[in-house]
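Here is how the chains run, residue by residue.
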Amino acid sequence: MQKNVLKKVLKYALLMLLPVMAGIVPAVAQVKTGVGTASYYAQKFHGRKTASGEIFDNNGMTAAHNTLPLGTLIKVTNLRNNRWVVVRVTDRLHAANRRIVDLTQAAAKKLGFIHWGLTKVKVEVVTKEFVNSLPILDMAMNPS
C-alpha cells in the first residue's frame, strides 16, 4: 500500500515538474539573477525607439538587458551602497557590450552612480506582486 502511495506521489510530482523542465512554466528555481557592471544610457538615445518599440525616456525607469524577455521587471541593487530600484526591460545591449544592464539616467541617479558612470550591481527578476507590495515611498522610484 505504501508503495502505491509513493508511486502516485512521484507520478504527480513529475507531472508538475514537466512543464517547468520544458520551459513552459517558470519555476522559482529558474529566477534569473546575476552580478555584473551597470552603466546608463547617454542622452543621445532619449526619444529613440527601443527594441520593444517604445520611445526611450531617460527620465523613466527602464533598462536594457540582453537575455531577459522584454517587459521583465528587475530589481537592480547597487552593491556599493545597497540602494535599489525596480525597472522594466525595454531594450537590448549591443552584442559586444560586457555589461549586465544599461539603465536610464533617472535609475542611475537613484542608485547613486550617476557621477561614476559604472557600478557593480546585482540584478534579480521580480514579479508585479513584489512591486505592488512596496510602500508608497518606494513606488515613486519603481514602475507602476
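Scoring rules and cut-offs
Residues numbered from 1 in each chain as written. Predicted model: local features only at pLDDT ≥ 70, side-chain atom pairs only at ≥ 80, totals over all residues. Heavy atoms only, no water. Helix = DSSP H or I, 4+ residues; strand = E, 2+ residues; numbered from the N terminus. Buried < 20%, exposed > 50% of the residue type's maximum accessible area, 1.4 Å probe, protein only. Contact = heavy atoms within 4.5 Å. Areas by Shrake-Rupley, 256 points an atom, 1.4 Å probe, with all protein chains shown as cover. Phe/Tyr/Trp six-rings, centres within 6.5 Å; stacked < 30°, edge-to-face > 60°. Core = buried A, V, L, I, M, F, W, Y, C linked by side-chain atoms within 4.5 Å. Salt bridge = Lys/Arg side-chain N within 4 Å of Asp/Glu carboxyl O.

1. Description of the overall build of the protein
Working step 1: A count of helical and extended segments in the protein gives four helices and six strands.
Working step 2: In sequence order, the protein lays out its α and β elements as α-β-β-β-β-β-α-β-α-α.
Working step 3: Taking all 144 residues of the protein together, 35% fall into the buried category.
Working step 4: The contacts of the protein with a sequence gap of at least 6 include a subset with a gap of at least 24, amounting to 71%.
Working step 5: Only carbon and sulfur atoms are counted for the fraction: they give 59% of the accessible area of the protein, which is about 9400 Å².

2. Concerning the packing of aromatic side chains
Working step 1: Throughout the structure, instances matching the rule amount to four aromatic pairs.
Working step 2: Consider the rings of Tyr 41 and Phe 56, whose centres lie 4.0 Å apart with planes at 35°: the pair is tilted. Placement of the pair is Tyr 41 in the loop between strand S1 (33-40) and strand S2 (62-64) and Phe 56 in the loop between S1 and S2, with a sequence separation of 15 residues. Of the two residues, Tyr 41 and Phe 56, both sit in the buried class.

3. Examining the nonpolar core
Working step 1: In this structure, Ile 74, Val 76, Val 87, Val 101 and Leu 103 are the most contacted members of the largest nonpolar core, which totals 19 residues.
Working step 2: Mapped by element, the contributors of at least two residues to this core are strand S3 (73-78), strand S4 (84-91), strand S5 (101-103), helix H2 (105-111) and strand S6 (119-126).
Working step 3: If you tally residues by element for this core, the top one is H2, at four residues.
Working step 4: The contacts of Leu 103, once residues within four sequence positions are left out, are Ala 38, Ser 39, Tyr 40, Tyr 41, Thr 62, Ala 63, Val 76, Val 87, Leu 111 and Phe 113.

4. Some details on the pattern of salt bridges
Working step 1: What the rule picks out here adds up to two salt bridges.
Working step 2: The residue Glu 54 makes a salt bridge to Arg 88 at a minimum N-O spacing of 2.7 Å. Of this pair, Glu 54 sits in the loop between S1 and S2 while Arg 88 sits in strand S4, placing them 34 residues apart in sequence.
Working step 3: The partly exposed category is assigned to Glu 54, whose relative accessible area is 32%.
Working step 4: Since its relative accessible area comes to 27%, Arg 88 is described here as partly exposed.
Working step 5: The partner of Glu 124 in a salt bridge is Lys 122, and the shortest N-O contact between them spans 3.9 Å.
Working step 6: Using a relative accessible area of 34% as the deciding quantity, one classes Lys 122 as partly exposed.

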